[in-house]
Amino acid sequence: MPNLSKRQFLKTFTGISAVSMIDIENLLAKSAQILAQKLAEDEAFWQQIRTAYNFTHDFIHLENGYYSLASNEVLEAYIQHIRDVNKVSSYYMRTRQFDDKLVSRKQLAELLGCSHEELIITRNTTESLDTIIAGFSWKEGDEAIMAEQDYGAMLDMFKLQARRYGIVNKMVSVPNHPKSDEEIVEVYEKAITPKTRLLMICHLINITGQILPVKKIVEMAHRHGVEVMVDGAHAFGHLDFKIEELGGCDYYGSSLHKWLGNPLGAGILYVRKDKIKQIWQLYGDMGFADDDIRKLNHTGTIPVATDLAIQDAIKFHQKIGIQRKEARLRFLQKYWTDKVRDNPNIILNTPKEITRCCGIANVGVKGKTPSELSKLLFEKYKIFTVAIANPKADVMGVRVTPHLYTTTAELDVFVKALAEIAG
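This one's a predicted model, so the numbers in the text were calculated from it and none came from an experiment.

## Considering the side chain of Thr131
Looking at the secondary structure, you find Thr131 in helix H8 (residues 125–135). A relative accessible area of 3% places Thr131 in the buried class. A distance of 2.6 Å separates a polar side-chain atom of Thr131 from the backbone oxygen of Glu127. With sequence-adjacent residues up to four places away left out, Thr131 is seen in contact with Leu269, Ile279, Trp280, Leu282 and Leu296.

## As for unusual backbone geometry
Phi at Ser89 takes a positive value of approximately 40 degrees, unusual for a residue other than glycine. Assessed through its relative accessible area of 40%, Ser89 is described here as partly exposed. The phi angle at Lys382 is positive, at roughly 55 degrees, despite the residue not being glycine. Among the structural elements, Lys382 can be located in the loop between helix H14 (370–381) and strand S11 (383–384). Owing to a relative accessible area of 31%, Lys382 belongs among the partly exposed residues under this scheme.

## Thoughts on the UniProt feature "domain: Aminotransferase class V" (unreviewed entry) in the protein chain
According to UniProt, the feature "domain: Aminotransferase class V" (unreviewed entry) maps to residues 72–384 in the numbering used here. Secondary structure over residues 72–384 splits into 42% helix and 15% strand, and the C-alpha atoms at its two ends are 22 Å apart.

## A look at the sheet that holds strand S9 (residues 346–348)
Read from one edge to the other, the open sheet built from four strands follows the order S9-S10-S13-S12, with strand pairing classed as antiparallel. With partners counted over all chains shown, the strands left at the sheet margins are S9 and strand S12 (386–390), one partner each. Averaged over all pairs of adjacent strands, the angle between strand axes in this sheet comes to 35 degrees, irrespective of strand direction. Inspection of the sheet shows S9 paired to strand S10 (residues 361–365) by three bridges, in the antiparallel sense. Residue pairing in the sheet places Leu348 in a bridge with Val363 of S10.

## So, the nonpolar core
Counting 73 residues, the largest nonpolar core has Leu108, Tyr188 and Leu199 as its most contacted members. With near-sequence residues (within four places) excluded, Tyr188 lies in contact with Ile145, Ala147, Val172, Val174, Leu199, Met200, Ile201, Leu212, Ile217 and Met220. Ile60, Leu332, Tyr381 and Phe414 belong to the second-largest nonpolar core, a separate cluster that totals 24 residues.

## As for the pairing of strand S13 (residues 395–400)
Burial runs high along S13: five of the six residues are buried. Summarising the sheet, S10 and S13 pair through three bridges and their orientation is antiparallel. Its bridge partner being in S13, Asn362 is matched across the sheet by Arg399. Relative to S13, S12 runs antiparallel, the two being bridged by five bridges. When the bridges of S13 are listed, Val386 appears paired with Arg399. Between S12 and the antiparallel strand that follows it, S13, lie four residues; Asp394 among them carries a positive phi value of about 60 degrees.

## Some thoughts on the pattern of salt bridges
With the rule as written, the count across this model stands at 26 salt bridges. Taking the shortest distance from any N to any O, the salt bridge between Glu43 and Arg328 comes out at 2.8 Å. One end of the pair, Glu43, is in helix H4 (residues 43–50); the other, Arg328, is in helix H13 (residues 322–340), and 285 residues separate them in sequence. Of the residues examined, Arg328 reaches a relative accessible area of 0% and is grouped as buried.

## Thoughts on the packing of H14 against helix H15 (residues 408–422)
At a closest axis distance of 11 Å, the pairing of H14 and H15 adopts a crossing angle of 120 degrees. Judged by the angle between their axes, H14 and H15 are oblique. Once H14 is placed against H15, the crossing between them reads as right-handed. Contacts between H14 and H15 involve Leu373, Leu376, Leu377 and Tyr381 from the former and Phe414, Ala417, Leu418, Glu420 and Ile421 from the latter. By residue class, the composition of the contact of H14 with H15 is eight nonpolar, no polar and one charged.

## Some details on the packing of aromatic side chains
Per the counting criterion, the structure on display carries twelve aromatic pairs. Seen from their ring centres, Tyr53 and Phe316 are 6.0 Å apart, and the 90 degrees between their planes marks the pair as edge-to-face. With Tyr53 in the loop between H4 and strand S1 (60–61) and Phe316 in helix H12 (residues 304–320), this residue pair connects regions lying 263 residues apart in the sequence. For the pair shown, Tyr53 and Phe316 are each scored as buried. Aromatic side chains Trp336 and Phe414 sit 5.0 Å apart centroid to centroid with 75 degrees between the ring planes, which places their arrangement in the edge-to-face category. You can see Trp336 sitting in helix H13 and its partner Phe414 sitting in helix H15, a full 78 residues away along the chain. Here the two residues Trp336 and Phe414 agree in accessibility, since each one is buried. One aromatic cluster is present, built from ring pairs that chain together Tyr53, Phe55, Phe316 and Tyr405. It is Lys339 that lies over the ring of Tyr335; its NZ or CZ is 4.6 Å from the centre. Over the face of the ring belonging to Phe378 we find Lys382, whose NZ or CZ atom lies 5.4 Å from the ring centre.

Conventions we followed
Residues numbered from 1 in each chain as written. Predicted model: local features only at pLDDT ≥ 70, side-chain atom pairs only at ≥ 80, totals over all residues. Heavy atoms only, no water. Helix = DSSP H or I, 4+ residues; strand = E, 2+ residues; numbered from the N terminus. Buried < 20%, exposed > 50% of the residue type's maximum accessible area, 1.4 Å probe, protein only. Polar contact = N/O pair within 3.5 Å; in protein donor to acceptor, adjacent residues only side chain to side chain. Contact = heavy atoms within 4.5 Å. UniProt positions renumbered as here; feature names shortened; annotations may be inferred. Pairing = 2+ DSSP bridges. Axes fitted to C-alpha atoms, helices over the stretch in contact; angles between N-to-C directions. Core = buried A, V, L, I, M, F, W, Y, C linked by side-chain atoms within 4.5 Å. Salt bridge = Lys/Arg side-chain N within 4 Å of Asp/Glu carboxyl O. Parallel < 35°, antiparallel > 145°, perpendicular 65-115°, else oblique. Left-handed = near helix turned anticlockwise from the far one by under 90°. Nonpolar A, V, L, I, M, F, W, Y, C, P; charged D, E, K, R; others polar. Phe/Tyr/Trp six-rings, centres within 6.5 Å; stacked < 30°, edge-to-face > 60°. Lys NZ or Arg CZ within 6 Å of the ring centre and 35° of its normal.

Dropping the structure here:
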């Protein structure tokens, strides 16, 4: 991954101007009657939204999927939470933290469309899904199904269970350009046997941006008596959905520092109410009943200001609105991918259909390894992306993840750079 020099790194932060706050409510009130898809193309509108963020001007930041910086409004609130908690230290921890965390849980549950009794706040998606993988009562010979496109941390946790309990992990591969939902469903269904207990799928594949037909996969798996765990790391705060629309999935995890815009260190885990009792907690907290999801949430003393900031992140997220947000992110992705898709030397690893993708896309250039492409983009063109080299998943390229503050002018620079590199 390309690195900034020490001087450039310090300049990135010391050169930032004073915090800019904008009146989001007033701005949106003026655009209330404009359809989200139409507003997504309004550069003047999004230029104003851009001022709600402090970001570096030393390079074009197109790797927001790993960690999407918080808005100024959320960042300032977070810093104030740190100050407020620090003033009273243990007093807050012993008298307030659990009530405040409950408020955050309830707001998150409302966003997801579930009961707060089915949701806990974790530190990230990895912790959320690994809690489920490790919490299963596995027996030797049990089977789990996952894809080459799944996130490495969860694949590693399945490997650990295979070593520990003798389970069998069955790998499938999702086509980058499926012809239909049924083609994807069939990939998973063919791997199911009477020994299959758990199927893991992505809601939105992190390395390509492909949105999977979760509802159809879940319903198929349930017909075979197989439970489904969904990796929603890149979907929550990015796509407009409720958990009930996913076919009754059994488990769902996501990170809040990605598309919801919360400071680092918070995620969610949803466990369907009737599945909570069967999951073993990772740590020996015996203070909750077996069917109380809070039994899975014992991680000791935590940075509570991060949990408090969730309420601020949700407030900012709701001001903009998930429909507007999703429409803008999809518009930005389509804006640049449509301009390079017909270049014979450029390989897009993301589906073209708008229902199968949103803000994330992956692009490769013939003759360049992902690391070579990423390095060249940064060193010559000052564009930051991340290299993805996963030949088993048929993905060799760089992942591109714009943010709400990204402009079409910046994407034009990126398109020009790709064209020059591709020749």
